[in-house]
Every structure is written in C-alpha cells, then in structure tokens.
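Structural characterization, general
Residues per chain are reported as follows:
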Amino acid sequence: MTLFDDNPSNSPEQDSQPPVAAEPSAEPSVAPLGGDPISYAASVPAGSYTPRRVLPEDLRISWSWTHFTIFIFFALSSFFLVQTALILYFAPHRSLPPKELERYLLNKPQFLFGTNILWYAMIFLFLYVTLAVLRGLPFWRSLGWRKLTASISAGKATPWAYFFSGCGLAIFVVAASSQVHTSEKMPIQEVLKNRSSAMLLMAMAVFVAPLVEETVFRGYLYPLFAKSFGIVPGILLTGVLFGLMHGWQLGWTWGIVGLLILVGVIFTFARAHTGTVLASFLLHLGYNSMIAVATIVGTHGFTQIPKP
C-alpha cells in the first residue's frame, strides 16, 4: 500500500479478512436455445428420454390413414361404376326380378370376368399412380414384394415349401367345410352350374386372385394396420377382412367364412414372419390351385355339380 492510497479496501484490517463466498443468484437459469442440441441434452433429465420404436423395414411405408380412406372410397365407387356399366351392357332387354337378374348375370362368363378384371385394374391403377408416379417410389417393393430368402435358423422355408403348405391348408379347409351345412343360396354354386363360368372362375382363382389379393391385403393393408396397432392386431385384422371379403360369394355361410378368416390369418402371419408378400402369395397360389384341382375332379370337369 502506498502512502497516498485512500482506498479503504486496501487497509491491513481488510487484507487480513478471509474472502466472503458469493451468495447464489436467485435468478433462474436461462433455458437452452431450441437449436442447441448440446445444451438441451445437458438440461434434460436422463430419465425423460423415450427412444422411438424402430419399425421393421417391411413396415416402413409411405402411405397413411388419409391415403387408406381415399383408397377405400375409390375401390367402392369404382366397383359400383364398373358393375353398373356391365349390368347395363349385359342385362336382357326384358325386365326381370332382382333374383332372376342376378342368376342370369352369374351365368354370363363375360360379366363375371369383365367385372373382376376391370375392378382389379382400377385398383392397381390407383396404387400405381398414388405410390409410384406421384411419390416416385418403386411400385412392387413399396408394397412388400421382396426376395424370399430361406433360412432354417430363422424358420423361413424355401418357396416350394410355402406353395405345398398352401396345398395342405386347402385340403384341411375342404375337409372342415364338408362338415358345414350350406344351401343353394351361395352365389358361387350358381357360377359352378355353368361350365364356362366355372372354368373362368378357376382360372382367375389361380392366375389373378393371388396376385391382386396379396398385393392389396398383405402388401397395402397389413403394413398400415401393423404400424398403427401392432403386428399381432395387424395380422388378425387383415385376416378378418380377407375372410369377410369372400362372404358374399359364400352366401354368408359363417362356418366357411370363419375358415377363410383363419386362412387369411395364416397368410398374413407368413407375410409378417418373412417380411415379404412373396411368402403369402405362394401360400395363396398353392391353396387356390389345390381348391381348383379338387373342384374340377369333384365335379368331373364341371359336368356333375353336386348338390349341397
């Protein structure tokens, strides 16, 4: 200290006193900036972080429930328009009661074939435009069509194993459905009474239906359901819708519809287990092929239609 220093803080008495600790500030700490991840991570308690659920690759889809709603509206309206147009074209020039008109149209192979093919084409066109064209995505891969890799350790069989498993499943369903009481009111019975319509129906069941139905149910619907509700509910919901879709042609015979729901659940389980629609397609192809062969043999080439 100099002789002329007037600062009392430099007096010997104060120099000998220990420094006083600063009191903690009562002001709250400043919140981290929204764009500063480091300060945000330091301020957030460790227990408050919830990791995001990692979806399997086959469930990482680009469509949502909005797209699904538009799809359902388009599918129903297009079916109504296609069927109405073909009814007007193929209907007789005389007026018939509704039941007779239905029987008349069911015996028209052109009506049955035209309705299904045109409707399937409209559905595929919608999916192709909304997924591949507007979003630039690979069409088949986006809808779950991937290579099927056999792996014994993972419980994934070869393609032929899925096909023959579908054949075995068909034998089981035929045996079980023989115990179910049916009636002549089933529209499919009317179709089988006409040889040309029956042959056309079998051809569509083998060459068209597995491709279209697996693409729609296991390729489009299942991933949306599984992503939203979970894998098991997605499998069950897809199987139920698959069975109900065939209810009309079976006259809503609930015993057989229930068997088809079981079939749909098995198809969807194969799709979920393997991660590819190809597995359920092969099951479906084997199933429908065996049903077609059994029907042709049982009716002696659609010349003898057994009564229910």
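Only a predicted model underlies this, so the values are computations on that prediction, with no experimental measurement involved. (Residues numbered from 1 in each chain as written. Predicted model: local features only at pLDDT ≥ 70, side-chain atom pairs only at ≥ 80, totals over all residues. Heavy atoms only, no water.)

Concerning the overall build of the protein chain
On a plain count of helices and strands, the protein chain comes out with 13 helices and zero strands. Reading the secondary structure of the protein chain in the N-to-C direction produces α-α-α-α-α-α-α-α-α-α-α-α-α. When burial is assessed residue by residue, the protein chain has 38% of its 308 residues classed as buried. Of the contacts formed within the protein chain by residues at least 6 apart in sequence, a portion of 73% connects residues at least 24 apart. When the accessible area of the protein chain is evaluated, it comes to approximately 18700 Å², of which 68% is carbon and sulfur surface. (Helix = DSSP H or I, 4+ residues; strand = E, 2+ residues; numbered from the N terminus. Buried < 20%, exposed > 50% of the residue type's maximum accessible area, 1.4 Å probe, protein only. Contact = heavy atoms within 4.5 Å. Areas by Shrake-Rupley, 256 points an atom, 1.4 Å probe, with all protein chains shown as cover.)

What to know about the nonpolar core
Across soluble globular proteins, you tend to see nonpolar side chains buried next to one another. Ranked by internal contacts, the top residues of the largest apolar core, which has 54 residues, are Leu127, Leu143, Tyr220 and Tyr287. Elements with a minimum of two residues in this core: helix 3 (65-90), helix 5 (109-133), helix 7 (159-177), helix 9 (195-207), helix 10 (209-229), helix 12 (254-274) and helix 13 (277-298). Membership of the second largest hydrophobic core comes to eight residues, among which are Leu86, Phe90, Phe111 and Val191. (Core = buried A, V, L, I, M, F, W, Y, C linked by side-chain atoms within 4.5 Å.)

Looking at the pattern of salt bridges
As enumerated under the stated definition, the model contains three salt bridges in all. Note that Arg271 and Asp58 form a salt bridge whose closest N and O atoms lie 2.7 Å from each other. With Arg271 in helix 12 and Asp58 in the loop between helix 2 (37-43) and helix 3, this residue pair connects regions lying 213 residues apart in the sequence. (Salt bridge = Lys/Arg side-chain N within 4 Å of Asp/Glu carboxyl O.)

Regarding helix 9
For helix 9, with 13 residues, the first-to-last C-alpha span of 18 Å sits near the 18 Å given by 1.5 Å per residue. In this fold, the buried residues of helix 9 make contact with helix 4 (98-106), helix 5, helix 8 (187-192), helix 10 and helix 13. The residue sitting at the N-terminus of helix 9 and contributing the capping side-chain oxygen is Asn194; that oxygen lies 3.0 Å from the backbone nitrogen of Ser196. (Expected span 1.5 Å × (residues − 1). Polar contact = N/O pair within 3.5 Å; in protein donor to acceptor, adjacent residues only side chain to side chain.)

Observations concerning the environment of Val232
With respect to the helices, strands and loops of the structure, Val232 is situated in helix 11 (residues 231-245). Put simply, Val232 and Thr268 are 36 residues apart on the chain and 9.9 Å apart in space, counted from C-alpha to C-alpha.

Things to note about the confidence of the model for the protein chain
Model confidence for the protein chain is summarised by a mean pLDDT of 84, while 81% of its residues fall at 70 or above. Note that residues 1-16 has pLDDT below 50 and, in this model, six contacts with residues that lie over four places away or in other chains. (pLDDT = per-residue confidence, 0-100.)

Some points on the side chain of Ser280
Turning to its location among the elements, Ser280 is positioned in helix 13. A distance of 2.7 Å separates the side chain of Ser280 from the side chain of Glu214, its partner in a polar contact. Here Val277 takes part through its backbone oxygen, which lies 2.9 Å from a polar atom of the side chain of Ser280. Not counting residues within four places of it along the chain, the set of residues in contact with Ser280 comprises Glu214, Arg218, Phe267 and Arg271.

Brief notes about the packing of helix 12 against helix 13
The contact between helix 12 and helix 13 brings their axes to 6 Å, and the two run at 145°. Considering only the axes of helix 12 and helix 13, their crossing is right-handed. Residue-level contacts link Leu260, Val263, Ile266, Phe267, Ala270, Arg271 and Thr274 of helix 12 to Val277, Ala279, Ser280, Leu283, His284 and Tyr287 of helix 13. Grouping the amino acids of the contact of helix 12 with helix 13 by side-chain chemistry returns nine nonpolar, three polar and one charged. (Axes fitted to C-alpha atoms, helices over the stretch in contact; angles between N-to-C directions. Left-handed = near helix turned anticlockwise from the far one by under 90°. Nonpolar A, V, L, I, M, F, W, Y, C, P; charged D, E, K, R; others polar.)

A short note on unusual backbone geometry
At Trp252, a residue that is not glycine, the phi angle is positive and equals roughly 50°. Counting through the fold element by element, Trp252 comes out in the loop between helix 11 and helix 12.

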